[in-house]
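Single-letter residue listing:
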Amino acid sequence: MYKLILSVNNLEEVMVWPSVPPDFGPEQAQRNGTYEGISGDFNTLGPMGLWSIPLSGVFPVGRRPLYMPPEAVEDGWRYVDFIRRNQERRIPFRLTLLDGGGVCRFNAACSVDEFEWKVKRNGDIAYSLTFRESVSYTHLTL
């Protein structure tokens, strides 16, 4: 079973996600250009754009479904609070994906964009959000 972990500030606070969607992964475009020349169009290979990962699901409240990792919390409101509070702090999150053997398959700094949540009839919290790559200014090259 894969495990999705969201943390802030060098593991100051860590939340293990209740579940990983079956088709989880980044979307990333390369910013290529097309130029018209005498003999036709030319494609120039540009830099990679920022990756993003849209995600939606349910934060269970007061129950533990069978698919939840043991480290995940049963109080979905803690996930909402964790995201909103740290968005307001304006510091990057760290998104980590571990496979069933504990091997890290993805580990990157990101922001949480477009976070939306709604309380369902059963008390669980349906959410949708987008993780987007966060690049430190110190890593930029001119």
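Heads up: the structure comes first, above all this text.
So, how was this worked out
Residues numbered from 1 in each chain as written. Predicted model: local features only at pLDDT ≥ 70, side-chain atom pairs only at ≥ 80, totals over all residues. Heavy atoms only, no water. Salt bridge = Lys/Arg side-chain N within 4 Å of Asp/Glu carboxyl O. Helix = DSSP H or I, 4+ residues; strand = E, 2+ residues; numbered from the N terminus. Buried < 20%, exposed > 50% of the residue type's maximum accessible area, 1.4 Å probe, protein only. Core = buried A, V, L, I, M, F, W, Y, C linked by side-chain atoms within 4.5 Å. Contact = heavy atoms within 4.5 Å. Pairing = 2+ DSSP bridges. Axes fitted to C-alpha atoms, helices over the stretch in contact; angles between N-to-C directions.

Peer 1: I would appreciate a short explanation of the pattern of salt bridges in the present structure.
Peer 2: Under the counting rule described, the total for this entry stands at eight salt bridges. Glu13 is paired through a salt bridge with Arg85; the nearest N and O atoms lie 2.8 Å apart. Taken together, the positions of Glu13 in strand 2 (residues 13-16) and Arg85 in helix 1 (residues 76-89) put the pair 72 residues apart, joining distant regions of the chain. The partly exposed category is assigned to Glu13, whose relative accessible area is 22%.

Peer 1: Explain the nonpolar core to me, please; I cannot follow it from the model alone.
Peer 2: Across soluble globular proteins, you tend to see nonpolar side chains buried next to one another. Trp17, Phe59, Leu95, Leu129 and Phe131 are the most contacted members of the largest nonpolar core, which has 32 residues in total. Where this core is concerned, the elements lending two or more residues are strand 1 (3-8), strand 2, strand 5 (52-59), helix 1, strand 6 (93-98), strand 7 (104-119) and strand 8 (125-133). In terms of residues, this core owes the most to one element, strand 7, which gives five residues. Once residues within four sequence positions are removed from consideration, Phe131 is found in contact with Leu6, Trp17, Trp51, Ser52, Ile53, Leu55, Leu95, Cys110, Ser111 and Val112.

Peer 1: Explain the sheet that holds strand 1 here, please?
Peer 2: Working definition: the strands of a sheet are paired by backbone hydrogen bonds and lie parallel or antiparallel to each other. A sheet is described by the order of its strands in space; here six strands give the open sequence 2-1-6-7-8-5, paired in antiparallel fashion. If you trace the sheet from one side to the other, it starts and ends with strand 2 and strand 5, each paired once. Here the average twist between neighbouring strands, direction ignored, is 35°. Helix-sheet contacts for helix 1 involve strand 1, strand 2, strand 5, strand 6, strand 7 and strand 8, and the interaxial angle to strand 7 is about 105°.

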